[in-house]
Amino acid sequence: MKKERPTVLYDVPGPRARRRNVLWTLLFLVAVAAVVWWVVVSLADKNQLEWSKWAPFFTDARIWETYILPALKNTVIAAALAMVIALPLGALLGISRLSDHRLVRAAAGTGVEFFRAIPVLILMLFANAAYSEFTDVSPDIRPMYAVVTGLVLYNASVLAEVVRAGILALPAGQTDAAKAIGMRKGQTMTYVLLPQSVTAMLPALVSQLVVIVKDTALGGAMLGFSELLASVRPMSANYGANTIACFTVVAVLFVILNFALTTFASWLEGRLRRGKRSTGVVVGADAVEELATPGEHAGPNDGTR
């Protein structure tokens, strides 16, 4: 009889534990099935499962052209703009929090802690009021500006902490080795620490990007931004009060967007890991050439941080 190999995380369950686990699994499945049955019966009793309420999404192209696709476009644009701005800004703030200069650290830390503590919806509302009072931005596009601004301020502060934690998680020997070959701190950060920490930070970064996509719905709820969630009300009003069907379609579209984002991130993470295994290159040729010409560039002992 083959002996099971023990694990360092937990003891291998015995016969009684296996039976207990099977029993709990069956009870959980029964509970889930009961909840699903109750939901289906409740929807059927309220006539929410009738084909007439779902048919427009399959037979009428106008519902897509008039409501869903324009709203999807606005959601993607707002999320993409927020990502493009928040990622580099968050990286800059995270690196600034590791600066040797006290004023830089204090300024970056104050901004990060301040905007991270404020709910993103309040940031959107403040941004909308500021654009209304102090700018000439058209009311038609002001909600878009407000949503992107709120998303950038909040998520950049969160991403800054992700970047800082990813860099601090690297072994101290990486920095010591870079100093030993004469790298300045900026070179160490650019060519040694950041490239190695990106792979470790990627899951947390992707999670925050998914949050950005979902938080665009806050602009539709409070600012009249024409995004996916905001399209439910006019669709339901014009197609027979099919609110459940509209919410279901919108939820599926959000799932597809976030699944595409996480799939791309998983592919990118795998590619980065394979690239590191195949090359092992950390410092670029330009950096090596720069370090090899002390006459043109400052040396390691010139006081430059």
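Predicted model only: the values in this text are computed from it and were never measured.

Criteria and thresholds
- Residues numbered from 1 in each chain as written.
- Predicted model: local features only at pLDDT ≥ 70, side-chain atom pairs only at ≥ 80, totals over all residues.
- Heavy atoms only, no water.
- Helix = DSSP H or I, 4+ residues; strand = E, 2+ residues; numbered from the N terminus.
- Buried < 20%, exposed > 50% of the residue type's maximum accessible area, 1.4 Å probe, protein only.
- Contact = heavy atoms within 4.5 Å.
- Phe/Tyr/Trp six-rings, centres within 6.5 Å; stacked < 30°, edge-to-face > 60°.
- Salt bridge = Lys/Arg side-chain N within 4 Å of Asp/Glu carboxyl O.
- Axes fitted to C-alpha atoms, helices over the stretch in contact; angles between N-to-C directions.
- Parallel < 35°, antiparallel > 145°, perpendicular 65-115°, else oblique.
- Left-handed = near helix turned anticlockwise from the far one by under 90°.
- Expected span 1.5 Å × (residues − 1).
- Patch = residues over 30% accessible without salt bridge, like charges linked within 9 Å, V, L, I, M, F, W, Y side chains within 5 Å.
- Areas by Shrake-Rupley, 256 points an atom, 1.4 Å probe, with all protein chains shown as cover.
- Nonpolar A, V, L, I, M, F, W, Y, C, P; charged D, E, K, R; others polar.
- Polar contact = N/O pair within 3.5 Å; in protein donor to acceptor, adjacent residues only side chain to side chain.
- Bend = angle between axes of the 7 residues up to and from the residue.

Novice: Help me understand the overall build of the chain in this model?
Specialist: Scanning the chain from terminus to terminus reveals 12 helices and zero strands. The linear arrangement of helices and strands in the chain, starting from the amino end, is α-α-α-α-α-α-α-α-α-α-α-α. A total of 305 residues make up the chain; the buried ones form 33% of that total. Long-range pairs, those at least 24 residues apart, make up 73% of the contacts in the chain with a sequence separation of at least 6.

Novice: What is the right way to read unusual backbone geometry from this model?
Specialist: Trans is the prevailing form of peptide bonds, just as negative phi is the prevailing case for residues other than glycine. Of note in the backbone geometry, Asn47 takes a positive phi value of approximately 60° without being a glycine. As for its position among the elements, Asn47 is in the loop between helix 1 (15–45) and helix 2 (51–54).

Novice: How should I be thinking about the packing of aromatic side chains in this particular structure?
Specialist: By convention here, two paired aromatic rings are described through the distance between centres and the angle between planes. Following the criterion strictly, the structure yields five aromatic pairs and no others. Judged by centre distance (5.7 Å) and plane angle (85°), the rings of Tyr131 and Tyr145 are edge-to-face. Of this pair, Tyr131 sits in helix 6 (residues 120–134) while Tyr145 sits in helix 7 (residues 142–168), and the two are 14 residues apart along the sequence.

Novice: Help me understand the pattern of salt bridges in this model?
Specialist: Pairs can form between side chains of opposite charge whenever their charged atoms are close. According to the stated counting rule, one finds six salt bridges in the structure shown. A salt bridge links Arg116 to Glu113, with the nearest nitrogen and oxygen atoms 2.9 Å apart. Linking Arg116 with Glu113, this pair stays in helix 5 (residues 102–117), spanning three residues, or about one helical turn. On the basis of relative accessible area, Glu113 is assigned to the partly exposed category, the value being 35%. In this structure, Glu161 and Arg164 form a salt bridge, with 3.0 Å as the shortest nitrogen-oxygen distance. Note that Glu161 and Arg164 are positioned in helix 7 at a spacing of three residues, about one turn of the helix. Look at Glu161 and you get buried, because its relative accessible area is 15%. A single salt-bridge network, built from bridges that share partners, covers Arg97, Glu113, Arg116, Glu161 and Arg164.

Novice: Explain the packing of helix 5 against helix 7 here, please?
Specialist: What describes two packed helices is the angle between their axes and the distance between those same axes. Two elements in contact, helix 5 and helix 7, have axes separated by 8 Å at closest approach and are oriented at 125°. Taken together, the axes of helix 5 and helix 7 are oblique relative to one another. Relative to helix 7, helix 5 is oriented so that their crossing is left-handed. Side by side, helix 5 and helix 7 meet where Val112, Glu113, Phe115 and Arg116 of the first sit next to Leu153, Tyr154, Ser157, Val158, Ala160 and Glu161 of the second.

Novice: Got a minute to help me understand helix 9 (residues 185–222) in this structure?
Specialist: The end-to-end C-alpha distance of helix 9 is 45 Å, clearly below the 56 Å that 38 residues give at a rise of 1.5 Å each. Once helix 9 ends, the next one or two residues include Gly224, with phi positive near 75°.

Novice: How do you make sense of a nonpolar patch on the surface when you look at a structure like this?
Specialist: A contiguous nonpolar patch, built from Val22, Leu26, Phe28, Leu29, Val32, Val36, Val40 and Leu49 and spanning about 710 Å² of accessible area, is present on the exposed surface. Examined against the element boundaries, Val40 turns out to sit in helix 1. By relative accessible area, which is 41% here, Val40 ends up partly exposed.

Novice: Would you mind going over the packing of helix 6 against helix 7 with me for this structure?
Specialist: Relative orientation of the contacting elements helix 6 and helix 7 amounts to 135°, with a least axis distance of 8 Å. The angle between helix 6 and helix 7 falls in the class oblique. Taken as a pair, helix 6 and helix 7 cross one another with a handedness that is right-handed. Of helix 7, the residues touching helix 6 (which contributes Val120, Leu123, Met124, Ala127, Asn128, Tyr131 and Ser132) are Arg142, Pro143, Tyr145, Ala146, Val147, Thr149, Gly150, Leu151, Leu153 and Tyr154. Its residues assigned to classes, the contact of helix 6 with helix 7 shows 12 nonpolar, four polar and one charged.

Novice: I'm lost on the side chain of Ser236 in this one. Help?
Specialist: Note that Ser236 resides in helix 10 (residues 232–238). At a separation of 2.9 Å, a polar atom in the side chain of Ser236 contacts the side chain of Thr243. Once you skip the residues sitting within four places of it in the chain, Ser236 turns out to touch Ala241, Asn242, Thr243 and Cys246.

Novice: Looking at this structure, I do not really get helix 4 (residues 62–96). What am I missing?
Specialist: One turn of the α-helix equals 3.6 residues, which is why residues spaced by three or four share an orientation. For helix 4, spanning 35 residues, the distance from its first C-alpha to its last is 50 Å, which sits close to the expected 51 Å at 1.5 Å a residue. At Ile68, helix 4 shows its strongest bend, of approximately 35°, with the proline Pro70 following within four residues.

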